[in-house]
Amino acid sequence: MYGIEVRESGAGVLVELWGEFDVFCIEEMKRVLDEASSRRGPVIVDLSEITFLDLRSAREIVVRSMLRTHCPRFLDPSPQVTATMTALGLEGWPYSLPGVGRGGPQIVSGVS
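Residues numbered from 1 in each chain as written. Predicted model: local features only at pLDDT ≥ 70, side-chain atom pairs only at ≥ 80, totals over all residues. Heavy atoms only, no water.

If you look at the biggest cluster of nonpolar residues, it comprises 22 residues, and the most contacted ones within it are Val15, Leu17 and Ile61. What Val15 contacts, discounting residues up to four positions off in sequence, is Ile4, Glu5, Val6, Val32, Leu33, Ala36, Val43, Ile44, Val45 and Asp46. (Core = buried A, V, L, I, M, F, W, Y, C linked by side-chain atoms within 4.5 Å. Buried < 20%, exposed > 50% of the residue type's maximum accessible area, 1.4 Å probe, protein only. Contact = heavy atoms within 4.5 Å.)

The following block contains the structure:
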């Protein structure tokens with residue numbers, strides 16, 4: 001089971017991902033991330049509530065972080081996301097930000 005929620009704020013677009021991401025939901029995840037990244041302004045993707053991330057889904061997240069002019073920024077990767085990125089050889093993945101997660105503070109202007 002997984003969830004994807006997209007919310008707009010004055011600072012840009014927040015995409016929240018939670019649950020288990022694998023081959024069965026990869027197309028929806030790719031579509032949502034591509035649509036969010038095609039909008040003007042910053043895109044923040046909250047990874048804090050992901051409980052499972054397969055290698056293929058992780059790869060797609062990384063690819064999307066490099067494809068667009070308005071590259072999505074990822075925040076608060078869960079331990080499961082961190083473990084998957086490590087398995088891919090992406091320790092210290094540079095496109096993550098500390099901080100906003102589900103239930104945490106809201107995106108504020110100036111976050112990019």
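Let us now look at the pattern of salt bridges. Following the criterion strictly, the structure yields six salt bridges and no others. Where Arg7 meets Glu5, a salt bridge forms, and the shortest distance between an N and an O atom there is 3.7 Å. A relative accessible area of 32% means that Glu5 is categorised as partly exposed. The partner of Glu35 in a salt bridge is Arg31, and the shortest N-O contact between them spans 3.4 Å. Taken as a pair, Glu35 and Arg31 lie in helix 1 (residues 26–37) at a separation of four residues, close to a single helical turn. Salt bridges sharing partners connect three or more residues here, namely Glu5, Arg7 and Glu16. (Salt bridge = Lys/Arg side-chain N within 4 Å of Asp/Glu carboxyl O. Helix = DSSP H or I, 4+ residues; strand = E, 2+ residues; numbered from the N terminus.)

Counting through the fold element by element, Asp54 comes out in the loop between strand 3 (43–53) and helix 2 (55–67). Buried charge Asp54 goes without a salt bridge, the closest partner of opposite sign being Arg56 at 6.8 Å. Here the side chain of Asp54 touches Ser57 through a polar contact of 2.6 Å, side chain to side chain. Ignoring anything within four residues of it in the chain, the contact list for Asp54 reads Phe21, Asp22, Val23 and Thr84. (Lys, Arg positive; Asp, Glu negative; His and termini not counted. Polar contact = N/O pair within 3.5 Å; in protein donor to acceptor, adjacent residues only side chain to side chain.)

Below, the discussion takes up the packing of aromatic side chains. Under the criterion given, the structure shown has one aromatic pair. Ring geometry for Tyr2 and Phe21: centres 5.4 Å apart, planes at 55 degrees, overall tilted. One end of the pair, Tyr2, is in strand 1 (residues 2–9); the other, Phe21, is in strand 2 (residues 12–21), with 19 residues separating them in the sequence. Judged by relative accessible area, which is 30%, Tyr2 ranks as partly exposed. Its relative accessible area of 0% is what places Phe21 among the buried residues. (Phe/Tyr/Trp six-rings, centres within 6.5 Å; stacked < 30°, edge-to-face > 60°.)

Relative to strand 2, strand 1 is paired through eight bridges, and the arrangement is antiparallel. When the sheet's bridge partners are listed, Ile4 is paired in strand 2 with Leu17. From the end of strand 1 to the start of strand 2, which pair antiparallel, there are two residues. (Pairing = 2+ DSSP bridges.)

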